[in-house]
Amino acid sequence: MTLPYIDQLLGQLARGNPALERSFGRHIHWGYWPDPASARPDSPEDYGRAAERLSLELLALAEIRPGMRVLDAGCGFGGTLATLDERVERLDLVGLNIDPRQLQRAARLAQPRPGSAINFVAADACTLPFADASFDRVLAVECIFHFPSRSAFLAEVRRVLRPGGVLVLSDFVPSPLFAPLGRLTKLKALRRINLLGECDTSCTAAGYRALAARAGLRVTTLRDITRHTLPTYAFLKHLARQAGGSRLVAGFSGPLIGLLDFYGRSGLLKYSLLRFDRG
């Protein structure tokens, strides 16, 4: 499976687009600003730092310690694993993605420090090719809405986590009012403006708790960080206004991103960090 925005991002990076290299070359996710008013929508470097901070927020929630084995499902360009490796020693890190092209870039970017290991695996996150109880932590950064089934993914995570293990992920969690609209990207009529590909943003907070319980996990943290991510949209719109802006950012600044910005500001779609614990 490939996604339109990944196809276009990889193409622009291959052509040496400097703004995208500095903003999305390491992380393919939204940014996090402790003080959103300080964000600089004209600065790719500022966005790159914000994307790094979002990974750090998620990693802090995961409480990863030296000696652990960690899986990053939907690992993108390997930026979160690289960030983790730079901060914690003696880790056994595995990045998984269904797109080999992303893994090729990740393998170049994420080089382990002495005493640690980083390996990359091409596979489906809903059928993890790993033994039972083989990881201490699992991460899924802004990708679960692309997976075929949250239920299947959570069941697989429960299987591969060791007792006391933890899953941490970020997702767009809808209000109950918005949830019925969370599958609209599957409609053919929206494909021309939807560079994100098929997304399922219909899983509410209550829905996550129910899925977790069925999988044998507990939701122990659900933190709404929407306010800290909203400058992402201003940055994407700035990219599109630049001379020679790519179709990637031009599409992002159009109707779809405008809708996501509105949904976030109105509280209909909350960018959230979730932690699940295995007993």
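Residues numbered from 1 in each chain as written. Predicted model: local features only at pLDDT ≥ 70, side-chain atom pairs only at ≥ 80, totals over all residues. Heavy atoms only, no water.

Caption draft 1: How the structure looks around empty space enclosed by the protein. The tally for this structure, following the rule as stated, stands at one cavity of 30 Å³ or more. Roughly 60 Å³ of volume is contained in the largest cavity. In terms of lining residues, the largest cavity is bounded by W30, F172, T226, T229, L230, Y233, L260, G264, L269 and Y271. Residues belonging to the lining of the largest cavity are distributed by class as follows: seven nonpolar, three polar and no charged. (1 Å grid on protein atoms, 1.4 Å probe; cavity = no way out; pocket = protein on both sides within 12 Å on 5 of 7 lines; lining within 4 Å. Points joined across faces, edges and corners; volume = space filled by probe spheres on them. Nonpolar A, V, L, I, M, F, W, Y, C, P; charged D, E, K, R; others polar.)

Caption draft 2: The arrangement of the packing of aromatic side chains in detail. Per the stated rule, a full pass over the model turns up 13 aromatic pairs. Plain terms: the ring middles of Y47 and F235 are 4.6 Å apart, the flat faces sit at 10 degrees to each other, and that makes the pair stacked. Taken together, the residues Y47 in helix α3 (residues 44-62) and F235 in helix α9 (residues 231-241) connect sequence positions 188 residues apart. Across this residue pair, the class does not change: Y47 and F235 are buried. Among the aromatic side chains, those forming a connected cluster through ring pairs are W30, F145, F172, Y233 and Y271. The aromatic ring of F77 is capped on one face by R105, whose charged end is 5.0 Å from the ring centroid. (Phe/Tyr/Trp six-rings, centres within 6.5 Å; stacked < 30°, edge-to-face > 60°. Helix = DSSP H or I, 4+ residues; strand = E, 2+ residues; numbered from the N terminus. Buried < 20%, exposed > 50% of the residue type's maximum accessible area, 1.4 Å probe, protein only. Lys NZ or Arg CZ within 6 Å of the ring centre and 35° of its normal.)

Caption draft 3: Representation of the pairing of strand β4 (residues 135-141) in the model. When you tally the buried positions in β4, you get seven out of seven residues, the bulk of the element. Bridge analysis of β4 against strand β5 (residues 161-174) gives six bridges, and the strand direction is parallel. Counted as the bridge partner of A140 is L169 from β5. You can see the chain leave β4, run along helix α6 (residues 150-160) and come back into β5, and the turn it takes is right-handed. (Pairing = 2+ DSSP bridges. Right-handed = clockwise from strand over helix to strand, strands pointing away.)

Caption draft 4: Broad picture of the environment of V138. Position of V138 among the secondary structure elements: in strand β4. Setting aside residues up to four positions removed in sequence, V138 forms contacts with L71, F153, V157, V160, L161, V166, L167 and V168. (Contact = heavy atoms within 4.5 Å.)

Caption draft 5: Region of the structure containing the sheet that holds β5. Taken together, seven strands build an open sheet; the order of strands is β3-β2-β1-β4-β5-β7-β6 and the sheet is mixed. Each edge of the open sheet carries a strand with a single partner, namely β3 (117-122) and β6 (217-224). Across the sheet, the mean angle from the axis of one strand to that of its neighbour is 20 degrees, orientation sign disregarded. Packing against the sheet, α3 makes contact with β4, β5, β6 and β7 (269-278), and its axis sits at approximately 30 degrees to β7. Along the sheet, α6 contacts β1 (69-73), β4, β5, β6 and β7; its crossing angle with β5, the most-contacted strand, is approximately 155 degrees. (Axes fitted to C-alpha atoms, helices over the stretch in contact; angles between N-to-C directions.)

Caption draft 6: Representation of the environment of L71. Inspection of the secondary structure assignment puts L71 in strand β1. Note: C-alpha distance between L71 and R137 (66 residues apart in sequence) is 6.4 Å. Every residue in contact with L71, bar those within four places of it in the chain, is listed here: V94, L96, L128, F130, F135, R137, V138 and L139.

Caption draft 7: Representation of the packing of helix α1 (residues 4-14) against helix α5 (residues 100-109). Between α1 and α5, the shortest axis-to-axis distance is 11 Å and the interhelical angle comes to 40 degrees. Between α1 and α5, the interaxial angle falls into the category oblique. Classified by chirality, the crossing of α5 by α1 is left-handed. Where α1 approaches α5, its residues I6, D7, L10 and L13 are matched on the opposing element by R101, Q102 and R105. The class makeup of the residues in the contact of α1 with α5 is three nonpolar, one polar and three charged. (Parallel < 35°, antiparallel > 145°, perpendicular 65-115°, else oblique. Left-handed = near helix turned anticlockwise from the far one by under 90°.)

Caption draft 8: Representation of the nonpolar core. Core analysis: the biggest nonpolar cluster contains 56 residues, and F24, W30, I64, L84 and L139 have the highest contact counts within it. The greatest single-element share of this core, amounting to eight residues, is contributed by α3. Not counting the four nearest positions on each side in its chain, I64 is found in contact with L59, V70, L84, V88, L91, R137 and L139. By size, the runner-up hydrophobic cluster in this structure holds 32 residues, among which are V94, L167, C203 and L274. (Core = buried A, V, L, I, M, F, W, Y, C linked by side-chain atoms within 4.5 Å.)

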